[in-house]
Amino acid sequence: MHILHVVGARPNFMKAAPVLHALRRRPGVRQTLVHTGQHYDRNLSDVFFSQLEIPVPDVNLGVGSGTHARQTADVMSGIEPVLVERKPDMVLVYGDVNSTVAAALVCSKLLIPVAHVEAGLRSFDRTMPEEVNRIVTDQLADVLFTPSEDGDKNLLLEGVAPEKIHRVGNVMIDSLVRLLPAAIQCPMNGLPDRFALVTLHRPSNVDDSETLKSILESLLTVNEQLDVVFPVHPRTRTRIAQFGIGIDKLHLLEPVPYIEFLALQKRAMVVITDSGGIQEETTYLQVPCLTVRSNTERPITVTMGTNILVGQDSRKLAFELSAILEGRAKRGSVPPLWDGKAGDRIADVLQQL
Ligand code: UD1
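Definitions and cut-offs
- Residues numbered from 1 in each chain as written.
- Predicted model: local features only at pLDDT ≥ 70, side-chain atom pairs only at ≥ 80, totals over all residues.
- Heavy atoms only, no water.
- Helix = DSSP H or I, 4+ residues; strand = E, 2+ residues; numbered from the N terminus.
- Rg over C-alpha atoms; globule rule 2.2 N^0.38 Å.
- Buried < 20%, exposed > 50% of the residue type's maximum accessible area, 1.4 Å probe, protein only.
- Contact = heavy atoms within 4.5 Å.
- Areas by Shrake-Rupley, 256 points an atom, 1.4 Å probe, with all protein chains shown as cover.
- Near = heavy atom within 4 Å.
- Polar contact = N/O pair within 3.5 Å; in protein donor to acceptor, adjacent residues only side chain to side chain.
- 1 Å grid on protein atoms, 1.4 Å probe; cavity = no way out; pocket = protein on both sides within 12 Å on 5 of 7 lines; lining within 4 Å.
- Sits in = over half its atoms within 2 Å of the grid points.
- Domains from an automatic or database assignment.
- Buried area = accessible area lost by both parts, 1.4 Å probe.
- Salt bridge = Lys/Arg side-chain N within 4 Å of Asp/Glu carboxyl O.
- Nonpolar A, V, L, I, M, F, W, Y, C, P; charged D, E, K, R; others polar.
- Phe/Tyr/Trp six-rings, centres within 6.5 Å; stacked < 30°, edge-to-face > 60°.

1. Some details on the overall build of the protein
Along the backbone of the protein there are 15 helices and 13 strands. Expected size for 353 residues packed as a compact globule is a radius of gyration near 20 Å; at 20 Å, the protein falls within 12% of this value. Expressed along its principal axes, the backbone C-alpha trace of the protein runs to roughly 55 × 40 × 40 Å. By the burial criterion, 57% of the 353 residues in the protein qualify as buried. Put simply, 68% of the contacts in the protein that link residues at least 6 apart link residues at least 24 apart. Of the roughly 14700 Å² that the protein leaves accessible, carbon and sulfur atoms contribute 52%.

2. Here we look at the site of the ligand
In the vicinity of the ligand there are 19 residues, among which H39, Y40, D41, E130 and R235 approach most closely. In the model, an oxygen atom of the ligand is placed 2.8 Å from a nitrogen or oxygen of the N98 main chain. A distance of 2.8 Å separates an oxygen atom of the ligand from a polar side-chain atom of H201. In this structure, the ligand is accommodated by the largest pocket. Looking at the shell around the ligand, the elements that each hand over two or more residues are α1 (10-24), α3 (68-86) and α10 (234-243).

3. Some points on the domain arrangement of the protein
Parsing the protein into structural domains produces domain 1 (2-170 + 338-352) and domain 2 (182-325). Taking only C-alpha atoms, the centre of domain 1 and the centre of domain 2 are 26 Å apart. Taken together, the 23 residues of domain 1 in the interface contact 21 residues of domain 2. Roughly 1900 Å² of surface becomes buried between domain 1 and domain 2 when both sides are summed, with 58% attributable to carbon and sulfur atoms. Considering only the side of domain 1, the residues that lose the most area to domain 2 are N43, Q51 and W338, jointly responsible for 31% of the buried surface there. One can count three salt bridges joining domain 1 with domain 2. If you look at where domain 1 meets domain 2, you find eight residue pairs in polar contact (both at pLDDT 80 or more). Elements represented by at least two residues in the side of domain 1 that touches domain 2 include exactly α1, α2 (46-51) and α5 (129-140). Its residues assigned to classes, the side of domain 1 that touches domain 2 shows eight nonpolar, six polar and nine charged.

4. Side note on the packing of aromatic side chains
For the structure on display, the rule yields three aromatic pairs. Relative to F49, the ring of F13 has its centre 4.9 Å away and its plane inclined at 65°; by these criteria the two rings are edge-to-face. In this pair, F13 sits in helix α1 while F49 sits in helix α2, placing the two residues 36 residues apart along the sequence. For the pair formed by F13 and F49, the shared burial category is buried. Ring-pair connections join several aromatic residues into one group, and the members of that group are F13, F48, F49 and Y258.

Here it is in structure tokens:
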């Protein structure tokens with residue numbers, strides 16, 4: 001069996017690594033890894049490959065940045081000849097980035113079966129580019145690996161045949177479980193003992209100057225009570241510079257490698273974020289998470305986990321932060337099948353197919 005994996009952006013790498021590792025141990029499986037090059041900075045890409053022990057990609061399409069149409073089109077035209085030449089039995093795509101939907105679309109036209117890892121998540125907000133990517137990818141996929149029950153329900157409501165759906169749990173948590181011991185050992189020189197960890201990169205939060213200013217002002221207020229440590233995504237750094245916003249009082253960092261970022265999450269008093277994956281990682285680590293979004297495609301992190309949606313409401317953020325500082329943080333539990341074994345369950349299903 002020849003499996004071809006497609007990855008493109010930072011959040012794909014921690015999902016693909018456990019599947020690559022699990023399949024490597026299976027007899028009769030040949031694997032090819034294609035990196036679309038959607039993320040190309042060393043600290044958004046290469047460093048994740050080395051820490052997660054992902055092999056060097058067999059092919060790098062080098063698509064880089066661009067508008068959504070340009071980036072998606074470049075992945076499509078770049079990957080088509082690779083698939084025609086390499087003839088995989090199945091293509092695995094991950095998450096919800098532009099590279100995911102682009103690869104799924106090309107496979108479906110070439111009649112190559114596609115498996116979607118992290119299927120079924122829905123924010124029900126189509127202004128979010130990732131939501132469009134999720135819906136289209138799930139409609140095209142032949143095999144859908146879901147992380148939790150809500151994913152299965154969403155897919156069934158959209159008419160996906162039940163036999164295509166396999167609830168395997170959260171594969172990203174496999175990487176967390178494997179590398180948490182290294183994160184716990186990781187030195188944190190020069191950082192405050194108690195801090196709030198912040199990440200922000202959603203276009204809806206950072207691309208509009210008034211919205212970004214208001215969120216950053218809230219963070220400056222947080223910083224008066226609790227030091228804010230903020231690894232800044234390139235998109236956000238560009239916007240902060242473009243809009244001329246001064247946030248030098250915050251502890252600003254470059255994007256952080258995987259193990260160091262796990263270490264930061266583990267030690268943070270609270271994480272304030274608009275990321276999808278970080279809502280799940282904080283739920284697993286049982287660290288309070290305040291999500292700067294009004295919806296989430298990962299509702300289980302709210303119903304079971306430590307996540308609270310605060311939207312762009314600075315008063316709600318301040319209210320929830322006070323609760324955490326006063327020792328009244330929301331407690332949560334770890335959802336079923338978020339146990340570090342999802343990669344093996346995916347490998348089992350693929351072998352049975
Ligand atoms: C992409 C994903 C998003 C994911 C995020 C994680 C889509 C639609 N979005 O968003 O779901 O949460 O990755 O980071 O696929 N840039 C660099 N270096 C890089 C890559 C990007 O400087 O290696 C800069 C460029 O200026 C680029 C901007 O970041 O224009 C945005 O990159 P892009 O890949 O378009 O989207 P992300 O915001 O990273």
